[in-house]
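Residues per chain are reported as follows:
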Amino acid sequence: MSYQERQSLVSLISSILINTLYAAYMAGRYPQADPYSPEVFHFWGSFFLILIPVTIVAKIVSYILFSILNAIATREAEPPITDERDRLIELKSTRSSLYIFSLGFVVAMAALVFSLPPAAMFIILLCSGLVAEMFSDISQFFFYRRGV
Amino acid sequence: MSKLKIGNNIRRLRFEHSEMTQQELADRVSVTRQTIIAIEKGDYAPSLELAFRIAQSFNVRLEEVFFIIHNPE
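Since we're looking at a predicted model, the values are computed, not measured.

Thresholds applied
- Residues numbered from 1 in each chain as written.
- Chains lettered and ligands numbered in written order.
- Predicted model: local features only at pLDDT ≥ 70, side-chain atom pairs only at ≥ 80, totals over all residues.
- Heavy atoms only, no water.
- Contact = heavy atoms within 4.5 Å.
- Buried area = accessible area lost by both parts, 1.4 Å probe.
- Salt bridge = Lys/Arg side-chain N within 4 Å of Asp/Glu carboxyl O.
- Polar contact = N/O pair within 3.5 Å; in protein donor to acceptor, adjacent residues only side chain to side chain.
- Helix = DSSP H or I, 4+ residues; strand = E, 2+ residues; numbered from the N terminus.
- Nonpolar A, V, L, I, M, F, W, Y, C, P; charged D, E, K, R; others polar.
- Buried < 20%, exposed > 50% of the residue type's maximum accessible area, 1.4 Å probe, protein only.
- Patch = residues over 30% accessible without salt bridge, like charges linked within 9 Å, V, L, I, M, F, W, Y side chains within 5 Å.
- Areas by Shrake-Rupley, 256 points an atom, 1.4 Å probe, with all protein chains shown as cover.
- Core = buried A, V, L, I, M, F, W, Y, C linked by side-chain atoms within 4.5 Å.
- pLDDT = per-residue confidence, 0-100.
- Phe/Tyr/Trp six-rings, centres within 6.5 Å; stacked < 30°, edge-to-face > 60°.

1. Points about the interface of chain A and chain B
Consideration 1: Of the residues lining the interface, 13 residues belong to chain A; the matching set on chain B comes to 12 residues.
Consideration 2: Surface buried jointly by chain A and chain B totals about 980 Å² across both partners, of which 49% is contributed by carbon and sulfur atoms.
Consideration 3: For chain A, the biggest contributors to the area lost against chain B are A:Asp83, A:Glu84 and A:Arg85; these three give 52% of the whole.
Consideration 4: The tally of links between chain A and chain B comes to zero salt bridges.
Consideration 5: Taken together, the links from chain A to chain B amount to five residue pairs in polar contact (both at pLDDT 80 or more).
Consideration 6: For the side of chain A that touches chain B, the leading source of residues is helix α3 (residues 84-113) of chain A, giving four residues.
Consideration 7: Considered class by class, the residues forming the side of chain A that touches chain B number four nonpolar, three polar and six charged.

2. Concerning the pattern of salt bridges
Consideration 1: Across all of its chains, the model carries eight salt bridges over all chains by this definition.
Consideration 2: Note that A:Glu5 is salt-bridged to A:Arg145, the shortest N-O span being 3.0 Å. Of this pair, A:Glu5 sits in helix α1 (residues 3-27) while A:Arg145 is found in helix α4 (residues 118-146), placing the two residues 140 residues apart along the sequence.
Consideration 3: In this structure A:Arg145 comes out as partly exposed when scored by relative accessible area, which is 41%.
Consideration 4: Across the salt bridge formed by B:Arg11 and B:Glu40, the nearest N and O atoms sit 3.6 Å from each other. You can see B:Arg11 sitting in helix α1 (residues 10-16) and its partner B:Glu40 sitting in helix α3 (residues 33-41), a full 29 residues away along the chain.
Consideration 5: Judged by relative accessible area, which is 52%, B:Arg11 ranks as exposed.
Consideration 6: In the salt-bridge network here, residues are joined through shared partners; they are B:Arg11, B:Arg14 and B:Glu40.

3. Some remarks on a nonpolar patch on the surface
Residue and element names in this part refer to chain A.
Consideration 1: A surface patch of nonpolar side chains, about 1200 Å² in accessible area, is lined by Leu49, Ile52, Ile56, Val57, Ile60, Val61, Tyr63, Ile64, Leu65, Ile68, Leu69 and Ile72.
Consideration 2: With respect to the element layout, Ile64 can be found in helix α2 (residues 38-74).
Consideration 3: Residue classification places Ile64 among the partly exposed positions, given a relative accessible area of 46%.

4. Thoughts on the nonpolar core
Consideration 1: In this structure, B:Ile10 and B:Ile54 are the most contacted members of the largest nonpolar core, which totals 18 residues.
Consideration 2: Where this core is concerned, the elements lending two or more residues are α1, α2 (22-29), α3 and α4 (48-57) of chain B.
Consideration 3: If one sorts the elements of this core by residue count, α4(B) sits on top with four residues.
Consideration 4: A:Met26, A:Leu51, A:Leu125 and A:Leu126 belong to the second largest nonpolar core, which has 13 residues in total.

5. Details of unusual backbone geometry
All names here are of chain B.
Consideration 1: Here the phi dihedral of Glu19 falls at roughly 50 degrees; this positive angle occurs in a residue that is not glycine.
Consideration 2: When you line up the elements, Glu19 lands in the loop between α1 and α2.
Consideration 3: Not every positive phi belongs to a glycine, and Ser30 is a case in point at roughly 60 degrees.
Consideration 4: Within the secondary structure, Ser30 sits in the loop between α2 and α3.

6. Here's the deal with the confidence of the model for chain B
Consideration 1: Looking at chain B, the pLDDT average stands at 91 and 96% of residues meet or exceed 70.
Consideration 2: Summarising per-element confidence for chain B, the mean pLDDT is lowest in strand β1 (residues 5-8) of chain B (89) and highest in α4(B) (96).

7. Some points on the packing of aromatic side chains
Two aromatic rings are characterised by how far apart their centres lie and by the angle between their planes.
Residue and element names in this part refer to chain A.
Consideration 1: A complete count under the given rule lists 13 aromatic pairs over all chains for this structure.
Consideration 2: Look at Tyr22 and Phe47: their rings are 5.0 Å apart centre to centre, the planes differ by 65 degrees, and that puts the pair in the edge-to-face class. Taken together, the residues Tyr22 in helix α1 and Phe47 in helix α2 connect sequence positions 25 residues apart. The exposure classification of Tyr22 matches that of Phe47, with both residues buried.
Consideration 3: Seen from their ring centres, Trp44 and Phe122 are 5.4 Å apart, and the 15 degrees between their planes marks the pair as stacked. Here Trp44, found in helix α2, pairs with Phe122, found in helix α4; they are 78 residues apart in sequence, far enough to count as distant.
Consideration 4: On the accessibility criterion, Phe122 (15% relative accessible area) is buried.
Consideration 5: Every member of this aromatic cluster is reached through a ring pair, and the members are Tyr22, Tyr30, Phe41, Phe43, Trp44, Phe47, Phe48 and Phe122.

See the structure below:
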């Protein structure tokens, strides 16, 4: 398994872990109020705003840990450059994840049209973001393994 | 229109050039070793620029490195 394949798998696992742990932590803070009350919207606003820096920091930490552990286990250094194949794979996987997130956005808006509570819309947005991220990592792994 | 299958003689050319390693070729054309492996296996069709750089590194013409695999139909 190449460095990039391992990196895709680590990114996939860290995405699932970060989102699951963060959602589990925040679920305990969900306001027991009317679903349309300002507190609920305040909760979801802060949920997404805090999620962004948490994800960035956790991803950086997982990336550093992966580099160290990978270097110890395989004695293989990180590829020094990003070449045209890496860029093509990144573009293709980003495109796939954008399609998934766009679909999730449409479903989230449909939830509002069908009079579901705002929490349903935010949960769909969160899930589609996670699924899009996972799909990006899986497609990167697939492209590195099977070819572009 | 069906996708063209492109083959290559990189492995043979490497051995004809003092058993050049994949890493040495990768360094010469500024890509990663994984990309050279993918090209050799036919998993990745390089850009025209990279194809020319590979041919240049072996001092041969492009057609001597890459060729079209015709389907027997």
